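# Residue-level structural notes
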Amino acid sequence: MIEVKNLSKHYRLTEKSPGLSGAFKSLFAPKRVTKKAVDDIGFQIESGEMVGYIGANGAGKSTTIKMLCGILTPTTGEILVDGIVPYKERNRNAKNIGAVFGQRSQLFWDIAVRESYDLLKHIYDIPEDEYRKTLQMFTEVLELEPLLGTPVRQLSLGQKMRCELAAAFLHNPGIVYLDEPTIGLDVAVKSRIRQFIKEMNRMRGTTVILTTHDMQDIEEICSRIIIIDAGKVLYDGSLQSIKDRYGDKRVIHFELELEEEFQLPPDLAGKAEWTPGETGTVSVAFSNHVITAADVISEMLRKYRIRDLTISDSKIETIVQDIYCRGI
Amino acid sequence: MRRYARLYWQYFKTRIKVMMEYRIDFLIGVASVFFTQGTSILFIAIVFQHIDTIHGWTFQQMLFIYAIAMLGRSLEHTFFDNLWTLGWQYIRPGNFDRVLIRPVNPLFQVVAERVQQDGIGSFIIGLIVLFTSAPSLGLEWGAAEILMLIVMVISSGAIYMAVNLFFATLSFWMVDSLPVMYAVQQTSDFARYPMNIFGKGIRFVLTFIIPYGFTAFYPAAWFLEDSGYRHTAVWTPVVAFLSVAIAYLFWKRGLRSFTGTGS
Amino acid sequence: MRKYWEMMKSQIKLDTAYTAWYWAGSASVIFRMLIIYAFWHAVFENRTTVGDMSLQAMITYTMLATLLNNYMSGVGSQLANQVRDGSVAIELMRPYNLLDKLVALDLGSKISGTIRETLPMLLIAYLFLGVSAPASWEAVPMFLLSALLGILIGTQLDLIIGIMAFWLDYVWGLRVLGGAITLFFTGALVPITLFPEWLRVLSGFMPFQSMVFVPVSIYTGQLSGLVALQALGVQLAWLVGIIVVMRTVWSFAIRKVTIFGG
């Protein structure tokens, strides 16, 4: 479905030196810097896959998505989306894709949502009966009924995103790119949106590429993740295997009544590490292959009075943070 | 082509619905343009109360030039007004990406997403001025003349549009070319006066560089027997065609640069 | 007072940052002056006076009127934008008077505009376009005072239009409408003395001629002596009247925000 080989995108930026003399210098001899937003990446995505494309801000996610959409021409490398080179045949590619770009609206700002959909019907040449059926289904699943008559500018963020999502899937595209579809939304809306995406994938076999900072999104939707950092692919594989590889880590946060300096109980030495948190709190990290959580707690209880404790498990969030910081 | 006509109709219907929601705004908008054009007519009328001709041009002839300018401008204003917002509403906030992921010509989308009702104001006053001045030009108004008038007005509108498109395209490189568009548009006021009252330099610029001369004075001159500019006037449709072609090619070039560097 | 002074300065800095708009504005003023120059030269082709004015008087009048007319718009659009996007509510909570702040910003703009735009243009007009010097020495202070009064009237009217945003969605249209009406009735296009009788009488009942026609006519000497002083008095009266209207409309608008939440 999607094939990406040796893809790079470089930007040429003019570096501005500070001050008046700097302004003069850059006027006559501009200092050009090349920024490698995407640096020689490659991957393959099969039809019907749901892939999380994640990375820190500025890692090159949006640049990649834009190239896949045909909005941006790569510096070098190849992209093939369903047999089409997107930047060469943007129009043909566009028929087969849908997109939600974070907080930028795909709908028309000052007209009612229903009118927007009507226009999209004509833009994508959706047959009338199919359009009606799809819209009816979306209305039910996303609970759009009360929103359809409202202009986009009067919708709340969550309402807007539901409408956006429907707009992206309306013409039954083979691929949908979702750039942070849940940003800034409350838990209920988030879960409804995730349900909808999964539903679409199940019913229509839509390929979904999702970028997000919310690891819950990834965990619930994606079976595969691609982690990108500084324009390079750090990891590409199943969600399960990354969990298996790094997922034995546990961290327990203790809130203690400390009378003196904290010291790791002697039985835990060599099996766990600790880091101080806010006053009176301590985080103890360990691998559950070496020692069980129950043992760690009982050792701690023997030496200290514990006011409270929380166990963080192998959430993808912790793992990804770990990878961002230390690399694979 | 058929598809685009149908699509435009869909956009148009939607815009009209929005317009009907803001009836007071609609009235104010139409009135504002009506008065803007009306006072410029009043200005000419007052001057002609004190004199008979300006450089050999009569009041009726001046009005006729104005009428062509207003009608041409009203076409551009009504249907292509959105070009003004290309920089600050599409490119700068990133909304142009939305346009690019749809399977429809991007320029068509930008143009179709807005119908500026205010243009009706200058269309109405243009017609009034046309009907008051046209009978006194000493011209037999047959089918050929009327056809020619329509061609000239459409050409005039096309040139206004082409110039705007050309300078709006600069937004692809400089984020927002609105100030440039604004300054260029100011020169269109020159074209409402007989060109031969200006010096050579201005005449050259308005004929060959920014062809605003062909939005009012030259096309009007075709209908004025003794203008001495009838030979230039017949070029109006050609100039219109060339302007639109050049502006569109430039737009394509800008679009390519935009997808190359991505803002 | 101190904080408004700082606001004014910040506006001057802001203005100097928008170089593209500066050049666009300057270019358009030059274009307009060129059109005026060519137009009136064509009008005066076979005659020495129009109405009672010579070509030189006419050029002087229309050039100055065009430059002065640039001062007639102000911060109204800024206010209207703030009303539209709702930020006016936050502005109203801040520890200053919003109207005074707007006036300070406006003053800043106009000071930087005078230095960066008007003075260079005036120089060009003197050197190349045949604008003549003031009619007399005593006309200079009177012109400056009168111009100041005119500008203040224009600014207040502009603010009133801006305040209309509390009730109307589309203030842009109203501004264009107001711009068209004032451009004509201020006498910025053509001196009011050339108006037909009925229009002249009508203009006499409106504040607009105090904005451009009066100051420029004092400069050219068409208004002088006692008549000029009288005109200054009328200007002052209009200014006071319009300020009262503006503040009244403002208090209604504020009430609307605080009661209905904008």
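The rules behind the values
Residues numbered from 1 in each chain as written. Chains lettered and ligands numbered in written order. Predicted model: local features only at pLDDT ≥ 70, side-chain atom pairs only at ≥ 80, totals over all residues. Heavy atoms only, no water. Helix = DSSP H or I, 4+ residues; strand = E, 2+ residues; numbered from the N terminus. Buried < 20%, exposed > 50% of the residue type's maximum accessible area, 1.4 Å probe, protein only. Contact = heavy atoms within 4.5 Å. Areas by Shrake-Rupley, 256 points an atom, 1.4 Å probe, with all protein chains shown as cover. Axes fitted to C-alpha atoms, helices over the stretch in contact; angles between N-to-C directions. Parallel < 35°, antiparallel > 145°, perpendicular 65-115°, else oblique. Left-handed = near helix turned anticlockwise from the far one by under 90°. Buried area = accessible area lost by both parts, 1.4 Å probe. Polar contact = N/O pair within 3.5 Å; in protein donor to acceptor, adjacent residues only side chain to side chain. Salt bridge = Lys/Arg side-chain N within 4 Å of Asp/Glu carboxyl O. Domains from an automatic or database assignment. Pairing = 2+ DSSP bridges. Patch = residues over 30% accessible without salt bridge, like charges linked within 9 Å, V, L, I, M, F, W, Y side chains within 5 Å. Nonpolar A, V, L, I, M, F, W, Y, C, P; charged D, E, K, R; others polar.

## Some remarks on the overall build of chain A
- Looking only at helices and strands, chain A features 11 helices and 13 strands.
- Out of the 328 residues in chain A, the part that is buried amounts to 48%.
- Taking the intrachain contacts of chain A between residues at least 6 apart in sequence as the baseline, contacts between residues at least 24 apart amount to 73%.
- When the accessible surface of chain A is summed, it comes to about 16,100 Å², and 49% of that surface belongs to carbon and sulfur atoms.

## Focus on the packing of helix α2 (residues 23–50) of chain B against helix α8 (residues 171–185) of chain C
- The N-to-C vectors of α2 of chain B and α8 of chain C enclose an angle of 15°; their axes lie 7 Å apart at closest approach. Classified by the angle their axes make, α2 of chain B and α8 of chain C are roughly parallel. Considering only the axes of α2 of chain B and α8 of chain C, their crossing is left-handed. Two secondary-structure elements touch here, α2 of chain B through Ile28, Ala31, Ser32, Phe35, Thr36, Thr39, Leu42, Phe43 and Ile46 of chain B and α8 of chain C through Gly173, Leu174, Val176, Leu177, Ala180 and Phe184 of chain C.

## Section: the interface of chain B and chain C
- Opposite the 36 residues of chain B that make contact, chain C presents 33 residues.
- In this assembly, chain B packs against chain C so that about 3,100 Å² is buried in total across both faces, 78% of it on carbon and sulfur atoms.
- Looking at the side of chain B facing chain C, the largest losses of area belong to Phe43, Ile46 and His50 of chain B, adding up to 18% of the total buried there.
- The interface formed by chain B and chain C holds 2 residue pairs in polar contact (both at pLDDT 80 or more) in total.
- Sorting the residues of the side of chain B that touches chain C by element identifies α2 and α10 (178–186) of chain B as the ones contributing at least two each.
- Looking at which element gives the most residues to the side of chain B that touches chain C, the answer is α2 of chain B, with 16 residues.

## What to know about the pattern of salt bridges
- All chains considered together, the criterion is met by 30 salt bridges over all chains.
- We note a salt bridge from glutamate 49 of chain A to arginine 224 of chain A, for which the minimum N-O separation is 3.0 Å. Of this pair, glutamate 49 of chain A sits in the loop between β2 (31–45) and β3 (50–54) while arginine 224 of chain A sits in strand β8 (residues 224–229), and the two are 175 residues apart along the sequence. Side by side, glutamate 49 of chain A and arginine 224 of chain A carry an identical accessibility label, which is buried.
- Residues lysine 101 of chain C and glutamate 91 of chain C are paired through a salt bridge, measuring 3.1 Å at the closest nitrogen-oxygen approach. Taken as a pair, lysine 101 of chain C in helix α6 (residues 98–128) and glutamate 91 of chain C in helix α5 (residues 88–93) lie far apart in primary sequence, 10 residues in all.
- For lysine 101 of chain C, a relative accessible area of 12% gives the class buried.
- Here the salt bridges share partners, and the residues they tie into one network are Lys190, Arg194, Asp214, Asp217 and Glu220 of chain A.

## A short note on the arrangement of the chains
- Sorting the 2 pairs of chains in contact by contact count puts chains B and C at the top.
- Taking C-alpha atoms as the reference, chain A and chain C come no closer than 11 Å and do not contact one another.

## Observations concerning the domain arrangement of chain A
- Domain boundaries in chain A define domain 1 (2–243) and domain 2 (248–326).
- Measuring from the centre of the C-alpha atoms in domain 1 of chain A to the corresponding centre in domain 2 of chain A gives 39 Å.

## Things to note about the pairing of β3 of chain A
Residue and element names in this part refer to chain A.
- Burial of β3 is extensive: 5 of the 5 residues sit out of reach of the surface.
- Residues Met50, Gly52 and Ile54 point to one face of β3 and Val51 and Tyr53 to the other, with burial holding for every one of them.
- Relative to strand β7 (residues 207–211), β3 is paired through 3 bridges, and the arrangement is parallel. By the bridge assignment, valine 51 is partnered in β7 with isoleucine 209.
- Relative to β8, β3 runs parallel, the two being bridged by 4 bridges.

## Quick word on a nonpolar patch on the surface
Residue and element names in this part refer to chain B.
- Taken together, the side chains of Val234, Trp235, Val238, Phe241, Leu242 and Ile246 present a nonpolar region at the surface, about 630 Å² in accessible area.
- Secondary-structure assignment places valine 238 in helix α14 (residues 236–261).
- According to the relative accessible area criterion, valine 238 is partly exposed, its value standing at 37%.

## Focus: unusual backbone geometry
Residues and elements named next belong to chain A.
- A positive phi is found at glutamate 180, a non-glycine position, where the angle reads about 50°.
- Residue position: glutamate 180 is located in the loop between β6 (175–179) and α7 (187–204).
- Even without a glycine there, the phi angle at alanine 230 is positive, about 50°.
- Locating alanine 230 in the fold gives a position in the loop between β8 and β9 (232–238).
- For alanine 230, a relative accessible area of 54% corresponds to the exposed category.

## Some details on the interface of chain B and chain A
- Taken residue by residue, the interface counts 28 residues in chain B and 29 residues in chain A.
- For the chain B face of the interface with chain A, the top three residues by lost area are Ile101, Arg102 and Pro103 of chain B, together amounting to 26%.
- Put simply, chain B and chain A have 4 salt bridges between them.
- The salt bridge partner of lysine 66 of chain A is aspartate 97 of chain B, with a shortest N-O separation of 3.5 Å.
- One can count 10 residue pairs in polar contact (both at pLDDT 80 or more) joining chain B with chain A.
- Breaking the side of chain B that touches chain A down by element, the ones donating at least two residues are α1 (2–21), α5 (96–100) and α14 of chain B.
- Looking at the side of chain B that touches chain A element by element, the count peaks at 9 residues for α1 of chain B.
- Residue composition of the side of chain B that touches chain A, by class: 12 nonpolar, 8 polar and 8 charged.

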